[in-house]
Amino acid sequence: PIYFFVKQFRSIHLIHHAIIVTGLIQIVVSIFQKQGSFVNINPSFQIGGTLGNPNALAMFLLLTIPSALFQTYRTRSSVIKKHLIGYIIIALLVIAFTKCRTAIFGSVFIGAFILYSSNRTAANRRIKLMRLGALLSACATLIFLLFEKSDSLIGRYLIWQSSFVK
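Worth saying up front: this structure is predicted, and the values here are computed from it rather than measured. (Residues numbered from 1 in each chain as written. Predicted model: local features only at pLDDT ≥ 70, side-chain atom pairs only at ≥ 80, totals over all residues. Heavy atoms only, no water.)

Just to check I follow, could you spell out the overall build of the protein chain for this structure?
When you go through the protein chain residue by residue, the secondary structure sums to seven helices and zero strands. For the protein chain, the N- to C-terminal ordering of α and β elements is α-α-α-α-α-α-α. Scored against the burial criterion, the 166 residues of the protein chain give a buried share of 28%. Across the protein chain, the fraction of contacts at a sequence separation of at least 24, relative to all contacts at a separation of at least 6, is 54%. Total accessible area on the protein chain is roughly 11700 Å²; 69% of this is exposed by carbon and sulfur atoms. (Helix = DSSP H or I, 4+ residues; strand = E, 2+ residues; numbered from the N terminus. Buried < 20%, exposed > 50% of the residue type's maximum accessible area, 1.4 Å probe, protein only. Contact = heavy atoms within 4.5 Å. Areas by Shrake-Rupley, 256 points an atom, 1.4 Å probe, with all protein chains shown as cover.)

Spelled out as structure tokens, the structure:
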């Protein structure tokens, strides 16, 4: 059904615009929740956007970043490019506020993937250093995130282990 819905549009770019605007609404609500102006619908969490859960918010924002990148590469206007890059940076900051380990590592992984899949040759020393930095930051982020919420990680491991005990 989604294929036929998308096929009816004459321009796929309309869907990218809708995704970015929806992400922008989530970002604005999340920033107001972080400041205390809005209350989250789920009282267990400080921020969660309109979704209520910070993990769902972080994963949604992570999924909007490729649409913003696509529009950044597609547009010729430097003003729109600057706004889209600002959107990506603010989306990454909100992802960091949520402390969702999967989304944070996913954003670092996407950045490393983009650097490694660029069309530029690896002969350039600056590109090599950027790639090495992306790889090291991905590893450091993974290690940091493992210890950031170690109680949650250990708890999930114990639940997993106890469910498979004979």
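Looking at this model, I keep getting lost on the side chain of Thr 98. Mind explaining?
Take Thr 98: it is sitting in helix H4 (residues 78-98). The class of Thr 98 is buried, set by a relative accessible area of 8%. Separated by 2.6 Å, the side chain of Thr 98 and the backbone oxygen of Ile 95 make a polar contact. If we skip the residues at most four places from it in the chain, Thr 98 touches Ile 47, Pro 54, Leu 57 and Ala 58. (Polar contact = N/O pair within 3.5 Å; in protein donor to acceptor, adjacent residues only side chain to side chain.)

What exactly am I supposed to notice about the nonpolar core here?
General note: in soluble globular proteins, nonpolar side chains tend to be found buried as a group. Ranked by internal contacts, the top residues of the largest apolar core, which has 18 residues, are Leu 61, Ile 65, Tyr 87 and Ile 95. Those elements that provide at least two residues to this core are helix H2 (13-35), helix H3 (54-74), H4 and helix H5 (101-116). No other element matches the seven residues that H3 contributes to this core. (Core = buried A, V, L, I, M, F, W, Y, C linked by side-chain atoms within 4.5 Å.)

Would you mind showing me how to read H2 here?
Every α-helical turn comprises 3.6 residues, leaving residues that sit three or four positions apart pointing alike. In this model H2 runs 33 Å from its N-terminal to its C-terminal C-alpha over 23 residues, within 8% of the 33 Å that 1.5 Å per residue would give. Residues His 13, His 16, Ile 20, Gly 23, Gln 26, Ile 27, Val 29, Ser 30 and Gln 33 constitute the buried set of H2. Against the buried residues of H2 lie H3 and H4. Phi turns positive, to about 95°, at Gly 36, one or two residues after H2. (Expected span 1.5 Å × (residues − 1).)

Got a minute to help me understand a nonpolar patch on the surface in this structure?
Taken together, Ile 154, Tyr 157, Leu 158, Trp 160 and Phe 164 make up a surface patch of nonpolar side chains, about 600 Å² in accessible area. Mapped onto the secondary structure, Trp 160 falls in helix H7 (residues 150-163). With relative accessibility at 52%, the residue Trp 160 sits in the exposed group. (Patch = residues over 30% accessible without salt bridge, like charges linked within 9 Å, V, L, I, M, F, W, Y side chains within 5 Å. Salt bridge = Lys/Arg side-chain N within 4 Å of Asp/Glu carboxyl O.)

Before we go on, may I ask you to explain the side chain of Gln 33 in this structure?
Examined against the element boundaries, Gln 33 turns out to sit in helix H2. Residue classification places Gln 33 among the buried positions, given a relative accessible area of 4%. Every residue in contact with Gln 33, bar those within four places of it in the chain, is listed here: Phe 38, Val 39, Asn 40, Gln 46, Ile 47, Gly 48 and Gly 49.

I'm lost on the packing of aromatic side chains in this one. Help?
Any two aromatic rings considered together are summarised by their centre-to-centre distance and by the angle between their planes. For the coordinates displayed, the defined rule picks out one aromatic pair. Relative to Phe 38, the ring of Phe 32 has its centre 5.1 Å away and its plane inclined at 50°; by these criteria the two rings are tilted. Residue classification places Phe 32 among the partly exposed residues on the basis of a relative accessible area of 32%. Against the face of Phe 97 rests Lys 34, its NZ or CZ located 5.1 Å from the ring centre. (Phe/Tyr/Trp six-rings, centres within 6.5 Å; stacked < 30°, edge-to-face > 60°. Lys NZ or Arg CZ within 6 Å of the ring centre and 35° of its normal.)

Sorry, what's going on with the packing of H2 against H3 here?
Where H2 meets H3, the closest approach of the two axes is 9 Å, and the angle between their N-to-C directions is 135°. In terms of orientation, H2 lies oblique with respect to H3. Judged by the twist between their axes, the crossing of H2 over H3 is left-handed. Of the residues in H3, those in contact with His 13, His 16, His 17, Ile 19, Ile 20, Thr 22, Gly 23, Gln 26, Ile 27 and Ser 30 of H2 are Leu 57, Phe 60, Leu 61, Thr 64, Ser 67, Ala 68, Phe 70, Gln 71 and Arg 74. A per-class count over the contact of H2 with H3 returns eight nonpolar, 10 polar and one charged. (Axes fitted to C-alpha atoms, helices over the stretch in contact; angles between N-to-C directions. Parallel < 35°, antiparallel > 145°, perpendicular 65-115°, else oblique. Left-handed = near helix turned anticlockwise from the far one by under 90°. Nonpolar A, V, L, I, M, F, W, Y, C, P; charged D, E, K, R; others polar.)

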